[in-house]
Amino acid sequence: MADSKEKLFSDFPGVSTEAWMEKITADLKGADFEKKLVWKTNEGFKVKPFYRQEDLEGLKTTEGLPGQFPYLRGTKKDDNTWYVRQDIKVECAKEANAKALDLLNKGVDSLGFNINKKDLCPEYIETLLEGICAECVELNFSTCQGATVTLANLLVEYFTKKGYDLAALKGSINYDPMGKMLAKGKDMSNYIATAKVLVEIMAALPKYRCITVNALELNNAGSYIAQELGYALAWGNEYLNALIEAGVSADDAAKKIKFNFGISSNYFLEIAKFRAARMLWANIVKEYNPACDCACKMLAHAETSTFNLTLFDAHVNMLRTQTEAMSAALAGVNSITVSPFDKAYQTPDDFSERIARNQQLLLKEECHFDKVVDPAAGSYFIENLTVSIAQQAWNLFLQVEEEGGMMEAVKAGKVQEAVNASNKARHEAVSKRREILLGTNQYPNFSEMANGKAPMATLAIILLFGFISCRNTNVLRLVNTVLALIFFGGVVGLFAIIACKGGIDFSDMGPAFATAGVAKDHSPLMQIVNVLVLAPWAFVGFGVVSFASSTYDFKPKYGFAIMVAALATGAIVYRSEEHTSELQSPG
């Protein structure tokens with residue numbers, strides 16, 4: 001019995017694809033197969049309702065093994081472990097160090113430190129990293145782009161002073177001039193001299209990456225999956241080619257580049273994206289003839305998207321981030337950051353950060369996702385998705401290269417224009433329920449109250465309408481004005497979120513779509529409608545505040561001065577946050 005191979009279900013006859021299609025056609029009762037069952041993805045290709053073994057014929061994606069070029073099945077061959085990462089905004093080195101040590105005791109094994117430029121000095125680095133074994137965890141650092149070389153020198157100096165085995169240390173420094181151009185619109189095209197110096201300094205830390213492709217920016221700005229991958233490849237190739245032309249070897253240049261991707265909620269497509277990303281990047285690097293295939297390995301960090309986080313029904317964000325983390329883990333990324341569920345409307349607290357950490361620990365300790373390499377391999381569906389995503393991304397990559405490369409595309413505003421167009425299209429798709437956002441346009445909780453929650457970008461609007469609502473009022477003391485504005489500004493701001501769809505970030509889509517079911521619109525007509533909707537509430541705020549302060553006799557000029565100052569501040573903040581979810585063109 002042990003020597004024989006029993007074929008399961010051998011007593012049942014095989015069913016051909018044609019037989020399945022006949023059955024499906026009969027069940028559709030005349031309805032169009034393409035319209036009813038074929039999924040037309042945002043990426044530009046179609047997905048069939050079912051796949052069979054014959055769909056794998058001719059696909060080379062099934063030929064490789066984990067740990068082998070072109071690394072489609074992963075850069076790891078023994079297990080699928082990844083780093084659980086959490087970032088810390090460093091305001092005080094001692095406090096950040098205490099938090100980092102606490103996180104390391106709670107399951108985190110990768111830390112990210114965002115350090116202010118003005119604080120960079122040897123003493124600050126020593127305080128920040130006190131008690132942290134750099135050989136045991138992955139350490140990632142970011143600071144002002146102009147101070148990255150200083151940070152690199154300080155880290156090499158610190159690690160050498162501590163007597164660490166520099167060849168064993170793992171981590172990264174976030175130097176990404178093109179990312180800064182996309183996010184802020186600042187021209188940083190003359191970056192190569194700094195990049196070369198940075199690579200030379202970090203040669204002392206062979207497992208540290210110092211040139212970063214922050215494709216996460218594209219994901220959070222609303223790009224489609226193929227867009228994110230296609231532009232990321234062109235982005236990385238721009239850095240790779242520039243470094244090689246500057247005299248850095250292909251091996252050294254490739255081994256210093258790190259990719260930071262976002263993870264959207266499209267579960268299977270995201271698995272396919274990461275598999276395709278490794279394969280395509282390996283082939284790109286191979287064209288530069290590195291001495292070792294190991295230089296072709298992509299180091300990929302993945303972070304759950306903020307594009308789809310909602311303010312209302314915020315706990316649903318945990319469902320989104322959980323499936324996103326699952327897709328990245330199954331796809332074999334090197335490290336993952338899960339965004340806390342309350343990030344859309346407040347600075348994450350201890351509870352939400354703990355939940356975010358445990359979401360990954362659950363995948364490791366209870367689901368054992370770290371034990372099996374590339375479990376998606378051989379799936380008829382995912383293998384075909386991998387090929388389709390790879391083809392779309394490769395076409396975009398070639399288009400960018402033919403037009404002069406990623407830097408030229410960014411300087412011309414082509415990347416920004418394309419991604420922002422996708423952003424707008426996705427907003428409209430959600431408003432028309434062509435793209436589902438659970439808890440927002442699908443099964444929303446209409447009885448949920450905001451209870452003081454407001455998107456970060458909406459705080460300026462709350463101030464703005466709060467001060468408008470109490471114009472021309474006399475108040476005895478400044479504190480009376482402030483208290484009144486907090487109360488009535490909050491009321492008006494709540495209705496501003498609901499009626500005007502709040503600020504600019506997609507996080508505001510939660511309350512907007514749950515109540516109005518319409519897309520964000522800044523047309524003059526919509527502005528008039530918003531004013532008409534808000535006017536009664538502004539009047540109520542004005543009337544009640546006026547009544548509350550009618551017994552006081554205070555000079556109007558103080559209230560007027562406060563109103564003007566608040567309007568100016570609100571306008572500045574609102575203006576500065578207006579495009580935070582959009583990519584910027586230089587100049």
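Higher on the page you've got the structure.
Residues numbered from 1 in each chain as written. Predicted model: local features only at pLDDT ≥ 70, side-chain atom pairs only at ≥ 80, totals over all residues. Heavy atoms only, no water.

A. Molecular detail of the overall build of the protein chain. Counting its regular elements, the protein chain contains 21 helices and 11 strands. Look at the contacts in the protein chain between residues 6 or more apart in sequence, and 78% of them connect residues 24 or more apart. Per element, the accessible surface of the protein chain, about 27700 Å² overall, is 57% carbon and sulfur. (Helix = DSSP H or I, 4+ residues; strand = E, 2+ residues; numbered from the N terminus. Contact = heavy atoms within 4.5 Å. Areas by Shrake-Rupley, 256 points an atom, 1.4 Å probe, with all protein chains shown as cover.)

B. Structural view of the environment of Y345. Relative to the helices and strands, Y345 resides in the loop between strand 11 (335-337) and helix 13 (350-365). Take Y345: its relative accessible area is 14%, and that puts it in the buried class. Between the C-alpha atom of Y345 and that of T310, which follows or precedes it by 35 residues, the distance is 8.4 Å. (Buried < 20%, exposed > 50% of the residue type's maximum accessible area, 1.4 Å probe, protein only.)

C. Summary view of helix 13. Under the 1.5 Å per step criterion, the end-to-end length of helix 13 is 21 Å for 16 residues, consistent within 8% with the ideal 22 Å. For helix 13, the set of buried residues is S352, E353, A356, R357, Q359, Q360, L361, L363 and K364. For helix 13, the side-chain oxygen to backbone nitrogen distance between the N-cap and F351 is 3.2 Å, and the N-cap itself is D349. (Expected span 1.5 Å × (residues − 1). Polar contact = N/O pair within 3.5 Å; in protein donor to acceptor, adjacent residues only side chain to side chain.)

D. Seen up close, the pairing of strand 4 (residues 110-115). Within strand 4, five of the six residues are buried, which leaves it mostly tucked inside the rest of the structure. The pairing of strand 3 (residues 83-90) with strand 4 spans six bridges and is classified as parallel. Each bridged residue has a counterpart across the sheet, and for I88 the counterpart in strand 4 is F113. The parallel pair strand 3 and strand 4, bridged by helix 3 (residues 93-104), forms a crossover whose chirality is right-handed. Remark: the strand 4/helix 4 (residues 122-128)/strand 5 (residues 138-142) crossover connection has right-handed handedness. (Pairing = 2+ DSSP bridges. Right-handed = clockwise from strand over helix to strand, strands pointing away.)

E. Fine view of the pairing of strand 8 (residues 211-214). Because side chains alternate across strand 8, one face comprises the buried residues I211 and V213, and the other comprises T212 and N214, equally buried. Pairing geometry for strand 8 and strand 9 (residues 257-263), over four bridges, is parallel. Note on strand 9: the bridge partner recorded for I211 is I257.

F. Fine view of the nonpolar core. Within the largest apolar cluster, 121 residues are counted, with the highest numbers of intra-cluster contacts made by F113, I115, L129, L139, F159, I211 and F261. Looking at this core element by element, the count peaks at 12 residues for helix 11 (residues 267-286). In contact with I211, other than residues within four places in its own chain, are I173, Y175, A195, L198, V199, Y239, L243, K256, I257 and K258. One finds L309, L311, F312 and A314 within the second-largest nonpolar core, a separate group that totals seven residues. (Core = buried A, V, L, I, M, F, W, Y, C linked by side-chain atoms within 4.5 Å.)

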